[in-house]
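Fold and geometry: a report
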Amino acid sequence: METILLQIPDDLIEEIRPHRNDLVQILRLGLGQLMAAEAETSRERTMRALISTGLVRPIAPGLVSRYATEPATHRHTPLSLPGTPLSEIVIEQRGRL
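Residues numbered from 1 in each chain as written. Predicted model: local features only at pLDDT ≥ 70, side-chain atom pairs only at ≥ 80, totals over all residues. Heavy atoms only, no water.

1. Details of the overall build of the protein
Looking only at helices and strands, the protein has four helices and zero strands in total. Counted from the first residue to the last, the protein has its helices and strands arranged as α-α-α-α. Reported as C-alpha extents along the three principal axes, the dimensions of the protein are approximately 75 × 35 × 35 Å. Expressed as a percentage of the 97 residues in the protein, the buried residues total 0%. (Helix = DSSP H or I, 4+ residues; strand = E, 2+ residues; numbered from the N terminus. Buried < 20%, exposed > 50% of the residue type's maximum accessible area, 1.4 Å probe, protein only.)

If you want it as structure tokens, here you go:
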């Protein structure tokens, strides 16, 4: 364990004094909250930047509830059909353009 010297304002010292034995846990909790807030802020900044380009739009709440599936929801197995996959047909047609 390392010792760190901190300068703490007097009013905060009065609040900390009764919790002296819990300071390590308090620091861990505070650091966890700070990191979560920074991650959320970073995500929000990224979304704002993407939305500002016009290439990404926020998902309307109605669409989320309409298309998001619950983990317990059964998903269908894709069908295996004979013939050329549509993706290959599209790629072939693009090549002719």
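2. As for the environment of Met-47
Looking at the secondary structure, you find Met-47 in helix α2 (residues 23–53). Note: C-alpha distance between Met-47 and Pro-18 (29 residues apart in sequence) is 42 Å.

3. Things to note about the layout of surface pockets
Taken as a whole, the largest pocket encloses approximately 580 Å³ of empty space. As for the largest pocket, its lining consists of 14 residues, of which Ile-4, Leu-6, Leu-23, Val-24 and Leu-27 are closest to the centre. Mapped by element, the contributors of at least two residues to the lining of the largest pocket are α1 (10–16) and α2. A breakdown of the residues in the lining of the largest pocket according to their chemical character gives twelve nonpolar, no polar and two charged. (1 Å grid on protein atoms, 1.4 Å probe; cavity = no way out; pocket = protein on both sides within 12 Å on 5 of 7 lines; lining within 4 Å. Points joined across faces, edges and corners; volume = space filled by probe spheres on them. Nonpolar A, V, L, I, M, F, W, Y, C, P; charged D, E, K, R; others polar.)

4. Some words on a nonpolar patch on the surface
On the surface, Ile-4, Leu-6, Ile-8 and Leu-12 cluster together into a nonpolar patch covering about 370 Å² of accessible area. Inspection of the secondary structure assignment puts Leu-12 in helix α1. (Patch = residues over 30% accessible without salt bridge, like charges linked within 9 Å, V, L, I, M, F, W, Y side chains within 5 Å. Areas by Shrake-Rupley, 256 points an atom, 1.4 Å probe, with all protein chains shown as cover. Salt bridge = Lys/Arg side-chain N within 4 Å of Asp/Glu carboxyl O.)

5. A few points about α2
Helix length check: α2, at 31 residues, gives a terminal C-alpha distance of 45 Å against a target of 45 Å (1.5 Å per residue), a fit within 8%. Phi for Gly-54, located one or two positions after α2, is positive at around 85 degrees. (Expected span 1.5 Å × (residues − 1).)

6. Structural notes on the confidence of the model for the protein
Summary statistics for the protein give a mean pLDDT of 84 and a share of 91% for residues scoring 70 or more. No element of the protein has a lower mean pLDDT than helix α3 (residues 61–67), which averages 75, and none a higher one than α1, which averages 91. (pLDDT = per-residue confidence, 0-100.)

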